[in-house]
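An overview of the molecular structure
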Amino acid sequence: LDASPLMHMYGTQPRTLYDLFEVRALLEGESARLAATRGTQADFISIRRRYEDMTAAGPGAEVRTHARLDHAFHLAICEASHNPVLVHTLKSLTDMILTSVYACVNNLYHRTAEKQEIDRQHTRLFNAVINRRALQAQRAALDHVHSVRDHLRNIEQEEQRLVRATLRLEGW
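These remarks concern the structure in this document.

The rules behind these values
- Residues numbered from 1 in each chain as written.
- Predicted model: local features only at pLDDT ≥ 70, side-chain atom pairs only at ≥ 80, totals over all residues.
- Heavy atoms only, no water.
- Helix = DSSP H or I, 4+ residues; strand = E, 2+ residues; numbered from the N terminus.
- Polar contact = N/O pair within 3.5 Å; in protein donor to acceptor, adjacent residues only side chain to side chain.
- Contact = heavy atoms within 4.5 Å.

Some words on the side chain of Glu-28
Tracing the backbone shows Glu-28 in helix 2 (residues 16–38). Here the side chain of Glu-28 touches His-74 through a polar contact of 3.2 Å, side chain to side chain. Not counting chain neighbours up to four residues away, the residues in contact with Glu-28 comprise His-74, Ala-141 and Val-145.

Here it is in structure tokens:
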């Protein structure tokens, strides 16, 4: 079956990915709120550059490239929070977060509807932060993290149904 990082995490520690989404929601929601409140013009230029890099990566870009660009966008927002503890906390989780972003890109970006939804969420987050709409920025970040979590949970359940159906067909 699928040996993607997502499925590996499900197989070894099924809750890890969802635990990480809970932490990402807390950190990224607050990062977005603070960035909209405290961000400087220099921060907004950095966020815009990361956003443009991320959106410029076409469908042919490698999964790891998409994941790194996506993570860099979210990290630029966190840095604009001007809370060094928040930035340090998010950076200390980089490997785990990159794994979850990789799982998202690997499992969702080839699905047109999900990819378009993620693009809209990133645009909503970007616009809320740079237009200094703190509560909308926080809501956009939370909606994004929760949506990705829910999509991945649905894929997991779909794959489990496929496995069960295949086992039934094979007489197990």
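Remarks on the environment of Val-87
Tracing the backbone shows Val-87 in helix 5 (residues 84–92). Sequence-wise, Val-87 and Leu-75 are twelve residues apart; in three dimensions their C-alpha atoms are separated by 7.7 Å. With residues near it in sequence (within four places) discarded, Val-87 still touches Cys-78, Glu-79 and Ser-81.

Here we look at the environment of Val-63
Position of Val-63 relative to the elements: it lies in helix 4 (residues 63–79). Residues Val-63 and Asn-106, 43 residues apart in the sequence, show an inter-C-alpha distance of 6.1 Å. Once residues lying within four places of it in the same chain are set aside, the contact partners of Val-63 are Tyr-102, Val-105 and Asn-106.

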